[in-house]
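# Structural features, examined
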Amino acid sequence: MKILFFTTNIKNGGSERYLSALDKFLSATNETKIFYFGENSELFSFKSPIEKLDVKTGDAFLAETNRRLKIRNCVKSEDPDLIISLGESANVDLAFSIMSLNKKLILTEQSKKEDEKSGSFKTMAYKKADFLTVLNRAEFDKFDFMKENRKIIYSPFDLPSADFSKKEKIILSVGRLEKIKGYENYIKALSMISNSIKDGWEIVLCGSGSLEPRLRDLALSLGVSVSFLGFRNDISYYYSKASIVALPSLKETLPNSLIESIYFDCARFATPTDGAKELINSGKDGVLSTDFTPKAMKDALEALMTSEAARLKYAYESRKLKEKFSIEIFNKSWLEVINRAVNAK
């Protein structure tokens, strides 16, 4: 079978990890190729050949028309048996671009964006697909119009486990330093925790982004000591040492850090995004703040920082989640989805 993958950008996130795993699986027995429209950070390796479509990005009418015409011509030229699109922007473009071409199309809903498409327009596009995969229950319920042609498929992970003996008093956050990740409120929350509780703890942020200068200034002005380490290729080292992993995001679909941390015996704290609620049973295998305010985050963080017993309990219980993210389940689920999409009338 000839399969084409389409995505907007290839950067350093959950969507790229997902594509890498899917490409590795399907390229072994199929003819596959990856097309992208925007940036390629070249941080992920792929088995399939990769090609950039020279199109204009954005929502302006001329840009959309140019992009969709080139996508359509690409699909006609490649003549695939199946198209798999990853991410909202690519999904909408693909759905409208291949109208009347009689091509099988699977859409995958990926990371949350600050500028999501309007509901009716997106619904119209998604209804044109043969199947939709999502990353959490909230997304599954939102796309009820897809009826039986939708399925939750988690990103796969296969990481070595750590042990408690290596843990230090480190609170680790991993993510892009952008507004949607909620780091401003996180730093404000840390500033509200008394020095007697913070004493001995190190706050570490691994990631880069446009807000870094602003976040550094905020931490300095509030008297919060934060180690900004930038993007790290050796992130496993920091997971293995951290006692707590914190995710203060405003929106998440299925955050990598809350999955990666279960392989390294980290106690998990997060704000109540859809993705975090999918991954944390608060009070059992981690802690969710009651809302997104600095005060709510402060209360949840304090509970973890002051109780080693709670940290050990949450880390131990979260180990039981590993099976949900196995490569075997991921591959089996995708075979089922492809068979249903290809055989759909």
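As the structure is a computational prediction, the values presented were derived from the model and not from experiment. Counting restarts for each chain: residues are numbered from 1 in the order of the written sequence. Per-residue local features of the predicted model are confined to residues with pLDDT of at least 70, and side-chain atom pairs are confined, for both listing and counting, to 80 or more; whole-chain, interface and lining totals are unaffected and use all residues. By convention in this description, side-chain values take in all heavy atoms of the structure and omit both hydrogens and water.

## Quick look at the packing of helix H2 (residues 61-78) against helix H3 (residues 88-97)
Following both chains from N to C, one finds H2 and H3 inclined at 65°, their axes separated by 9 Å at the closest point. Judged by the sense of rotation from one axis to the other, the crossing of H2 with H3 is right-handed. Facing Arg67, Arg68, Ile71 and Arg72 of H2, the residues of H3 in contact are Val92, Asp93, Leu94, Phe96 and Ser97. Lys, Arg, Asp and Glu make up the charged group, whereas Ala, Val, Leu, Ile, Met, Phe, Trp, Tyr, Cys and Pro make up the nonpolar group; the residues left over, Gly among them, are polar. Counted by class, the contact of H2 with H3 contains 4 nonpolar, 1 polar and 4 charged residues. Axes here refer to lines fitted to C-alpha atoms; in helices the fit is confined to the stretch in contact. Angles between the N-to-C directions go from 0 to 180 degrees. By the criteria applied, helices consist of DSSP H or I runs no shorter than four residues and strands consist of E runs no shorter than two, each listed in order from the N terminus. Crossing handedness follows the turn of the near helix against the far one: under a right angle anticlockwise gives a left-handed crossing, and clockwise gives a right-handed one. Contact definition: two residues touch when any of their heavy atoms are within 4.5 Å.

## What to know about the packing of aromatic side chains
When the centres of two rings from Phe, Tyr and Trp lie within 6.5 Å, Trp using its six-membered ring, the rings pair. Their planes under 30 degrees apart give stacked, over 60 give edge-to-face, and anything left gives tilted. Applying the stated criterion across every chain yields a total of 12 aromatic pairs. Relative to phenylalanine 325, the ring of tyrosine 154 has its centre 5.3 Å away and its plane inclined at 45°; by these criteria the two rings are tilted. A residue pair is termed long-range when its members are at least 10 positions apart, and tyrosine 154 in the loop between strand E7 (150-152) and strand E8 (170-174) and phenylalanine 325 in the loop between helix H13 (308-318) and helix H14 (327-342) qualify at 171 residues. Exposed residues in this analysis have more than 50% of their type's maximum accessible area, buried residues have under 20%, and partly exposed residues fall in between, with area computed by a 1.4 Å probe over protein chains only. Given the relative accessible area of 2%, phenylalanine 325 is considered buried. Relative to phenylalanine 325, the ring of phenylalanine 157 has its centre 6.4 Å away and its plane inclined at 85°; by these criteria the two rings are edge-to-face. Here the residue phenylalanine 157 occupies a position in the loop between E7 and E8, and phenylalanine 325 occupies one in the loop between H13 and H14, the gap between them amounting to 168 residues.

## A look at the pattern of salt bridges
In a structure, side chains of opposite charge can pair up when their charged atoms sit close to one another. A carboxyl oxygen of Asp or Glu within 4 Å of a side-chain nitrogen of Lys or Arg is what we treat as a salt bridge. Counted by the stated rule, this structure contains 26 salt bridges. For aspartate 265, the salt bridge identified is with arginine 319, shortest N-O distance 2.9 Å. Here aspartate 265, found in the loop between helix H10 (256-260) and strand E12 (267-270), pairs with arginine 319, found in the loop between H13 and H14; they are 54 residues apart in sequence, far enough to count as distant. For aspartate 265, a relative accessible area of 3% gives the class buried. Residue classification places arginine 319 among the partly exposed residues on the basis of a relative accessible area of 32%. In this structure, glutamate 336 and arginine 340 form a salt bridge, with 3.5 Å as the shortest nitrogen-oxygen distance. Of the two residues, glutamate 336 and arginine 340 both sit in helix H14, 4 residues apart, roughly one turn of that helix. The exposure class of arginine 340 is partly exposed, given its relative accessible area of 33%.

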